[in-house]
Amino acid sequence: MEKLNKIKSTAIPLATENIDTDQIIPARFLKATTKQGFGKNVFRDWRFNKDETLNTSFILNDMRFRGSILVAGNNFGCGSSREHAAWALTDYGFKVVISSFFADIFKGNALNNGLLPVQVSNTYLKELIRLIEEHPATEIIVNLEQQLLKTPLGEISFEIDAYKKMCLINGYDDIDFLISKKEKIETFEAQIG
């Protein structure tokens, strides 16, 4: 995984609430077993019309909005527990998703795959979406080490599990973390063996 610590980027505002994992990556694209290639189908049924032409009214197709931060409506990642949703978002280029609520399984899948979910209050979220919609060049800074979100609306802190924070900062998945402890494990085994 890529190391995450400080992300400074413009953002894409997706004000829709209750975005489920089938909307993030439709089930018909779940045939692959590796993480690569899912980004091209993220929000597929919203990004493209039935005739496969671009849906120019969808926010990801609006060239005014770019960046590695997605600011999404309340209850993001609900629905089925597919890990592919996190794969699709990261493969598309997102490093951070900001919302006022994340489904628990999605949140875990995101953290396990190098995508940082930042939870804010519903009031703050609505103000941030409005600000970005009105000013697409708005920069957001997410400082994972300090657990701070900085926007023109002010600086707020966010919560994250200490273990997952350490993994994201170091670019570790759970296996990488165990490998990083190899010497300590071998020393322990030698002492008891």
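Preceding block: the structure.
### Here we look at the packing of aromatic side chains
For the structure on display, the rule yields eight aromatic pairs. One aromatic cluster is present, built from ring pairs that chain together Phe43, Trp46 and Phe58. Sitting over the face of the ring of phenylalanine 48, arginine 44 holds its NZ or CZ atom 4.2 Å from the ring centroid.

### Here's the deal with the environment of glutamine 23
Looking at the secondary structure, you find glutamine 23 in helix α1 (residues 21–24). Between the C-alpha atom of glutamine 23 and that of glycine 171, which follows or precedes it by 148 residues, the distance is 27 Å. Apart from the residues within four sequence positions on either side, glutamine 23 is in contact with Asn18, Phe43, Arg44 and Trp46. Separated by 2.7 Å, the side chain of glutamine 23 and the backbone nitrogen of aspartate 20 make a polar contact.

### Description of the pattern of salt bridges
Counting across every chain of the model gives nine salt bridges. With its nearest N and O atoms 2.9 Å apart, the salt bridge here joins arginine 82 to aspartate 22. With a gap of 60 residues between them, arginine 82 in the loop between β3 (69–72) and α3 (84–92) and aspartate 22 in helix α1 connect regions that are remote in the sequence. Look at arginine 82 and you get buried, because its relative accessible area is 16%.

### Quick look at the sheet that holds strand β5 (residues 116–119)
The pairing of strands in a sheet happens through backbone hydrogen bonds and is either parallel or antiparallel. Taken together, the four strands give an open sheet; going across it, the order is β2-β3-β4-β5, and neighbouring strands pair in parallel fashion. The open sheet is flanked by β2 (11–14) and β5, the only strands paired with a single partner. When the angles between neighbouring strand axes are averaged without regard to direction, this sheet yields 20°. Note: β3 against strand β4 (residues 96–99), three bridges, orientation parallel. Along β4, the bridge assignment pairs leucine 70 with valine 97. Running over the sheet, helix α5 (residues 122–134) touches β2, β3 and β4 and is turned about 120° from β3.

### A few points about the environment of asparagine 5
Assignment of secondary structure puts asparagine 5 in the segment before β1 (6–9). A polar atom in the side chain of asparagine 5 sits 3.2 Å from the backbone nitrogen of glutamate 145.

Criteria and cut-off values
- Residues numbered from 1 in each chain as written.
- Predicted model: local features only at pLDDT ≥ 70, side-chain atom pairs only at ≥ 80, totals over all residues.
- Heavy atoms only, no water.
- Phe/Tyr/Trp six-rings, centres within 6.5 Å; stacked < 30°, edge-to-face > 60°.
- Lys NZ or Arg CZ within 6 Å of the ring centre and 35° of its normal.
- Helix = DSSP H or I, 4+ residues; strand = E, 2+ residues; numbered from the N terminus.
- Contact = heavy atoms within 4.5 Å.
- Polar contact = N/O pair within 3.5 Å; in protein donor to acceptor, adjacent residues only side chain to side chain.
- Salt bridge = Lys/Arg side-chain N within 4 Å of Asp/Glu carboxyl O.
- Buried < 20%, exposed > 50% of the residue type's maximum accessible area, 1.4 Å probe, protein only.
- Pairing = 2+ DSSP bridges.
- Axes fitted to C-alpha atoms, helices over the stretch in contact; angles between N-to-C directions.

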